[in-house]
Amino acid sequence: MNLNDNETEAVFRTEVQTFIKAEAPKAEKGVGGEEALTANWERNQQWFRKLADKGWIAPAWPTEYGGAGLSSMHQFVLNEELALNRVPRPLHLIIGLGMAGPTIIVHGTEEQKKEHLPGMLAGEDVWCQGYSEPGSGSDLASLQTKAVRDGDDYVINGQKIWTTLAHMAKKMILLARTDPDAPKHKGITYFIVDMKSPGVTVQPLMNMADTHEFNEVYFDNVRVPKENVIGEENRGWYSAMTTLDFERSAIGSTIGMKQSVETLIEYARGHTDDHTSTLDKNPMLRYELADRMIEVEMARMLSYRVVSLQNRGLIPNYEASMMKLYNTEMNQRIARTGQHILGLYGQLGRGSPLAPNNGRNCYTYLRSVAYTIEGGTSEVQRNIVAQRGLGLPRD
Ligand SMILES: Cc1cc2nc3c(=O)[nH]c(=O)nc-3n(C[C@H](O)[C@H](O)[C@H](O)COP(=O)(O)OP(=O)(O)OC[C@H]3O[C@@H](n4cnc5c(N)ncnc54)[C@H](O)[C@@H]3O)c2cc1C
């Protein structure tokens, strides 16, 4: 098996490297979560506009919809180079560009494509995803938010929770129940909601890493025009699953994890402070670091599998679940290894002058708990792999 770039990918990689060298700002060391979105906002926005002008904000979208028409492998190369060079990535656009946009391309009408895709491609419109509710997460099809047809509109009432970026978003992809009498998967419709609509209220929720990423969103008689239904009424479940397949296929993050392990290795090699666990004091840390590096390479192989399916025009399914499960659990193991290496200093957060790497590991340790919940829990991913990948019966 040859995992090197082919000729066109190698040429593209050089082009990306040259562009980054000439145009990109440096990412802030040790900055994550909300800060990664807001630190140097104006400077980063200029950089994202340059990426958009180049067609590289949605490189694998078809050219007829404003993408660069590049292969998924080229997109993988671009993501790798952005991560390798530690330049800011437009993570606040991920729900639009990576989930809502591709779903609209597959299931939307020409009018919907014309209306919603340009703002995403310009790198301007932030989107959020209104799926989960207080009583419906893993069992998403039990959702209770209602949409009732009234003339040319639907009227929405209910509540969503854990809605990432709702506080910044211009638009939401929303699932609501339109037929309460149908079997639960069959009475759901997929909407696009303007977040400025009267009756939408966004309440912030802080996560345990003390950053503001997600929210509760309330809908009180919110009117949504019928033109904002994606696909057919009561068949929203199928579009919703397309979005989830795209969400779980999000690629390019393994380089970041490799860099985290490399940073820990550098620290463990160099650090001799009395209060810190070093390789000399705890030789077993060598094994931990070796395990993490092997796992990062495994994760890269799983990413290649997903991207090669996408490259052939297929939508990865249980393969994406396998990758999501492995990467997120590995991320938690990397954060734990970091805490073992940094010792007591690992508990110091951002802002503390004694915090190694500006408290990055402390933040990742706390934030990584959520990785195995968001986008579907590890148990749900294991069920998908067991049923669809291994052909085992439902539990
Ligand atoms: C950081 C973060 C960001 C998020 N962002 C969004 C967002 O933008 N939009 C959105 O809609 N949602 C979002 N979510 C919500 C996320 O999708 C749900 O939290 C997730 O699907 C789990 O649902 P739940 O929290 O209701 O847990 P539950 O479904 O109540 O699960 C509780 C526990 O039971 C287990 N479990 C449930 N069913 C099964 C089963 N059949 N077999 C085995 N075990 C099972 C679960 O694995 C879990 O351990 C986000 C969550 C987090 C943590």
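What counts, and at which threshold
- Residues numbered from 1 in each chain as written.
- Predicted model: local features only at pLDDT ≥ 70, side-chain atom pairs only at ≥ 80, totals over all residues.
- Heavy atoms only, no water.
- Helix = DSSP H or I, 4+ residues; strand = E, 2+ residues; numbered from the N terminus.
- Rg over C-alpha atoms; globule rule 2.2 N^0.38 Å.
- Buried < 20%, exposed > 50% of the residue type's maximum accessible area, 1.4 Å probe, protein only.
- Polar contact = N/O pair within 3.5 Å; in protein donor to acceptor, adjacent residues only side chain to side chain.
- Domains from an automatic or database assignment.
- 1 Å grid on protein atoms, 1.4 Å probe; cavity = no way out; pocket = protein on both sides within 12 Å on 5 of 7 lines; lining within 4 Å.
- Points joined across faces, edges and corners; volume = space filled by probe spheres on them.
- Nonpolar A, V, L, I, M, F, W, Y, C, P; charged D, E, K, R; others polar.
- Near = heavy atom within 4 Å.
- Areas by Shrake-Rupley, 256 points an atom, 1.4 Å probe, with all protein chains shown as cover.
- Salt bridge = Lys/Arg side-chain N within 4 Å of Asp/Glu carboxyl O.
- Core = buried A, V, L, I, M, F, W, Y, C linked by side-chain atoms within 4.5 Å.

A. Representation of the overall build of the protein chain within the structure. Counting its secondary structure elements, the protein chain contains 12 helices and 8 strands. Computed over C-alpha atoms, the radius of gyration of the protein chain comes to 22 Å, within 12% of the 21 Å expected from 2.2 N^0.38 for 395 residues, which places it in the range of a compact globule. Viewed in the frame of its principal axes, the protein chain has a C-alpha envelope of about 70 × 50 × 45 Å. Counting over 395 residues, the protein chain shows a buried share of 50%.

B. View of the side chain of Glu213. Inspection of the secondary structure puts Glu213 in strand E7 (residues 212-225). With relative accessibility at 12%, the residue Glu213 sits in the buried group. Within the structure, Glu213 has its side chain in polar contact with the side chain of Tyr363 (distance 3.2 Å).

C. Broad picture of the domain arrangement of the protein chain. The domain boundaries assigned to the protein chain delineate domain 1 (7-89), domain 2 (127-236) and domain 3 (249-389). Centre-to-centre separation of domain 1 and domain 2, based on C-alpha positions: 30 Å.

D. The arrangement of the layout of surface pockets in detail. Counted as a void, the second largest pocket has a volume near 170 Å³. In terms of lining residues, the second largest pocket is bounded by 13 residues, among which Asn2, Leu3, Asn4, Met73 and Tyr304 are the most central. Listed by contribution, the elements that provide at least two residues to the lining of the second largest pocket are helix H1 (7-23), helix H4 (72-84) and helix H9 (284-311). Looking at side-chain class alone, the lining of the second largest pocket contains 7 nonpolar, 3 polar and 3 charged residues. Counting only domains with at least three residues in the lining of the second largest pocket, you end up with domain 1 (7-89) and domain 3 (249-389).

E. Up close: the site of the ligand. Around the ligand, the surrounding shell holds 18 residues, and the nearest of these are Ser132, Ser138, Trp162, Thr377 and Glu379. Measuring from an oxygen atom of the ligand, one finds a backbone N or O atom of Tyr131 at 3.0 Å. Relative to its unbound accessible surface of 970 Å², the ligand loses 67% to contact with the protein. When the residues that make up the shell around the ligand are grouped by side-chain class, the tally is 5 nonpolar, 9 polar and 4 charged. If you count residues domain by domain, the shell around the ligand takes at least three from each of domain 2 (127-236) and domain 3 (249-389).

F. Broad picture of the pattern of salt bridges. Evaluated as defined, the whole model comprises 22 salt bridges. Arg292 is the salt-bridge partner of Glu288, the closest N and O atoms lying 3.8 Å from each other. A residue pair is termed a helical-turn pair when its members lie 3 or 4 positions apart in one helix, as Glu288 and Arg292 do in helix H9 at 4 residues. One salt bridge in this structure joins Glu295 and Arg333, with 3.2 Å as the shortest N-O distance. With Glu295 in helix H9 and Arg333 in helix H10 (residues 318-342), the pair connects residues that are 38 residues apart, well separated along the chain. Taking the relative accessible area as the measure of exposure, Glu295 reaches 13% and is therefore buried. Counted as one network, the salt bridges with shared partners bring together Asp5, Arg13, Glu80, Glu81 and Arg300.

G. A look at unusual backbone geometry. Located in the positive-phi region is Asp210, a residue other than glycine, with phi close to 65 degrees. Mapping Asp210 onto the fold places it in the loop between strand E6 (200-206) and E7. With phi around 50 degrees, Asn221 is a residue other than glycine that occupies positive phi space.

H. Molecular detail of the nonpolar core. Counting 61 residues, the largest nonpolar core has Ile57, Phe191 and Phe219 as the members making the most contacts within it. Looking at this core, the element that brings in the most residues is helix H5 (residues 94-107), giving 6 residues. Built from parts of two domains, this core gets at least three residues from each of domain 1 (7-89) and domain 2 (127-236). The next biggest cluster of nonpolar side chains, apart from the first, holds 14 residues, and it includes Leu279, Leu289, Met330 and Ile341.

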